[in-house]
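Take a look at the letters that make up each chain.
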Amino acid sequence: MSAFPHTIESPAAVGPVPGQERIEAIDILRGAAILGILIVNMGIFSMPADLAAQQQWPNAIDRTAETLILFFVQEKFKTLFSFLFGLGLAVQMMRAEARGARFLPLYVRRLCVLFLIGVAHFLLLWDGDILHDYALDACVLLLFRRRSRKTLLVSAGIFLCLPLLFYGLTTYYSITRHVNPALMNWISIEDPAEDQETIEETQRIYSRGTYAEMITFRAGELPEDVLPDLDDAYILTIFLLGLYAGRRGIFHDVPAHLPFIRRVQGWGLMIGVAGNAAFAVGGSYDPSPTSVMQNVGRMCLLFAAPAMTFFYASTIILLAQGEAWRRGLAPLAAVGRMALSNYLLQSLICTTIFYSYGLALFCKVRPSLGLLLTIIIFLIQIPLSVWWLRRFQFGSIEWLWRSLTYWQRQPMRVSRRQ
């Protein structure tokens, strides 16, 4: 990482975005995404995914909480975060071109640093990290940065066909119990079933193991985790849609695009409700090979998650056009401005709560309590973000990211002239 080219652009030319240049709607959406991601991740922090899939909650409150999360939240806010990442590429390209700066060298360095931050997060805190995946997938996204808007949409559709084909095959198998051996091998690679011994070992390490054991365990998972899979195809689909929205200039001139945004809101609600109802009835993000309902529901989610995401996003954008709503959503924008720091802070808090070196509550928190815990953590992050940004220009990890990208210490404190 230290061997950066010597022809680094001046930070004045392509430096961090000043506060007056930020697009507030994007920060608000990013803040909402941080909340939704925590709601879903709370269940993954608290117990192994395979154990959660086997869990049958006897309490009606917990079953209701789990169903509501599946319907309203699961995959929607990761989709929103991915969309904003693709949108960010378009925004940064336009700003670099407006300043006459070279875009590609800077952006590649940003991705390298983001990858390292993600790997550190994966090894030191939590194996559910998404940052290293984003950094790798964004390298593919760069190949589309000069393509036409039509090409972006067609390419997004092609990438989406990969998980659609996969869940079509799993649905066919769940009905007929028969599929070509080569395709069955693909299914087993993409969706491997953890044996009971592995689940129990995971539970032991995080419930009673040492911190060194956890790092060693995650280090063993990392090589397989960086390999491309269907989740990367889905992320690239959403990246491309975000890049399309940025290239179309929707967020740079919201009033001119209000009719389009309202259409997206209407269609997103209709498709989202229908598809997510099927997904919630299936009741599983990782469907059993023998369950027709779960596999049909998971296939519906490929369309329903983006649809509901765009309904949420368009609704927030429309609300933010009013002054009262814009003021009310401003604290959410503060969370979004330091989204990377808040995302990593959530991992630090939650692993301390659940893992053996903290409160050791791994596999002991039900969905309803996890949802309450999520709300408490986020209600702490909102005023903390507002307080921090009154004093500093960036979140602490955003500052580190920028400083390592430019290989130059960035100013941190807010200037009194601002």
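Procedures and definitions
Residues numbered from 1 in each chain as written. Predicted model: local features only at pLDDT ≥ 70, side-chain atom pairs only at ≥ 80, totals over all residues. Heavy atoms only, no water. Axes fitted to C-alpha atoms, helices over the stretch in contact; angles between N-to-C directions. Helix = DSSP H or I, 4+ residues; strand = E, 2+ residues; numbered from the N terminus. Parallel < 35°, antiparallel > 145°, perpendicular 65-115°, else oblique. Contact = heavy atoms within 4.5 Å. Nonpolar A, V, L, I, M, F, W, Y, C, P; charged D, E, K, R; others polar. Buried < 20%, exposed > 50% of the residue type's maximum accessible area, 1.4 Å probe, protein only. pLDDT = per-residue confidence, 0-100. Left-handed = near helix turned anticlockwise from the far one by under 90°. Phe/Tyr/Trp six-rings, centres within 6.5 Å; stacked < 30°, edge-to-face > 60°. Lys NZ or Arg CZ within 6 Å of the ring centre and 35° of its normal.

Trainee: Now, about the packing of helix H6 (residues 104-124) against helix H11 (residues 211-225): what can you tell me, with residues and values included?
Mentor: For the pair H6 and H11, the least separation of the axes is 7 Å and the interaxial angle reads 130 degrees. It follows that H6 is oblique to H11 by the angle criterion. Between H6, through Val119, Phe122, Leu123 and Leu124, and H11, the contact on the second element is made entirely by Tyr211, Ile215, Arg218, Ala219, Glu221, Leu222 and Asp225. Split into classes, the residues belonging to the contact of H6 with H11 amount to 8 nonpolar, no polar and 3 charged.

Trainee: An account of the environment of Phe251 is needed here, citing residue identities and associated values.
Mentor: Of note, Phe251 is situated in the loop between helix H12 (230-248) and helix H13 (258-282). A relative accessible area of 8% places Phe251 in the buried class. C-alpha separation for the pair Phe251 and Ile26, spaced 225 residues apart in sequence, amounts to 7.7 Å. Those residues in contact with Phe251 that lie beyond four places of it in its chain are Ile23, Ala25, Ile26, Leu29, Phe83, Leu87 and Ile317.

Trainee: Any chance you could break down the confidence of the model for the protein for me, citing the residues and the numbers?
Mentor: Detailed reading of the predicted coordinates is not advisable wherever pLDDT falls low. Confidence in the prediction for the protein averages 89 pLDDT; 91% of positions are at 70 or higher. Least confident of the elements in the protein is helix H1 (residues 11-14), whose mean pLDDT is 34; most confident is helix H16 (residues 339-354), at 98. The model gives residues 1-16 a pLDDT under 50, and that stretch makes 37 contacts with residues more than four places away or in other chains.

Trainee: I'd like a rundown of unusual backbone geometry, residues and numbers included.
Mentor: Look at Cys363: it is not a glycine, yet its phi comes out positive at around 65 degrees. With respect to the secondary-structure elements, Cys363 resides in the loop between H16 and helix H17 (367-391). Unlike most non-glycine residues, Trp407 shows phi in positive territory, near 55 degrees. Secondary-structure assignment places Trp407 in the segment after helix H18 (396-406).

Trainee: Lay out the packing of helix H8 (residues 149-176) against H12 with the relevant residues and their values.
Mentor: The N-to-C vectors of H8 and H12 enclose an angle of 160 degrees; their axes lie 8 Å apart at closest approach. In terms of orientation, H8 lies roughly antiparallel with respect to H12. Taken as a pair, H8 and H12 cross one another with a handedness that is left-handed. Residue-level contacts link Arg149, Leu152, Leu153, Ser155, Ala156, Phe159, Leu160, Leu162, Pro163 and Phe166 of H8 to Leu230, Ala233, Tyr234, Leu236, Thr237, Leu240, Leu241, Leu243, Tyr244, Arg247 and Arg248 of H12. Residues that form the contact of H8 with H12 fall into these classes: 16 nonpolar, 2 polar and 3 charged.

Trainee: I'd love a proper account of the packing of aromatic side chains, names of residues and values included.
Mentor: What the rule picks out here adds up to 21 aromatic pairs. A ring pair is formed by Phe81 and Tyr134, whose centres lie 6.2 Å apart and whose planes are at 35 degrees; its orientation type is tilted. Of this pair, Phe81 sits in helix H5 (residues 76-98) while Tyr134 sits in helix H7 (residues 131-141), and the two are 53 residues apart along the sequence. Like Phe81, the residue Tyr134 is buried in the burial classification. With a centroid separation of 4.9 Å and an interplanar angle of 85 degrees, the aromatic rings of Phe166 and Tyr167 are classed as edge-to-face. We note Arg110 situated over the ring of Trp401; from NZ or CZ to the ring centre the distance is 4.2 Å. For the cation-ring pair, Arg298 lies above Tyr285, with the distance from its terminal atom to the ring centre recorded as 4.2 Å.

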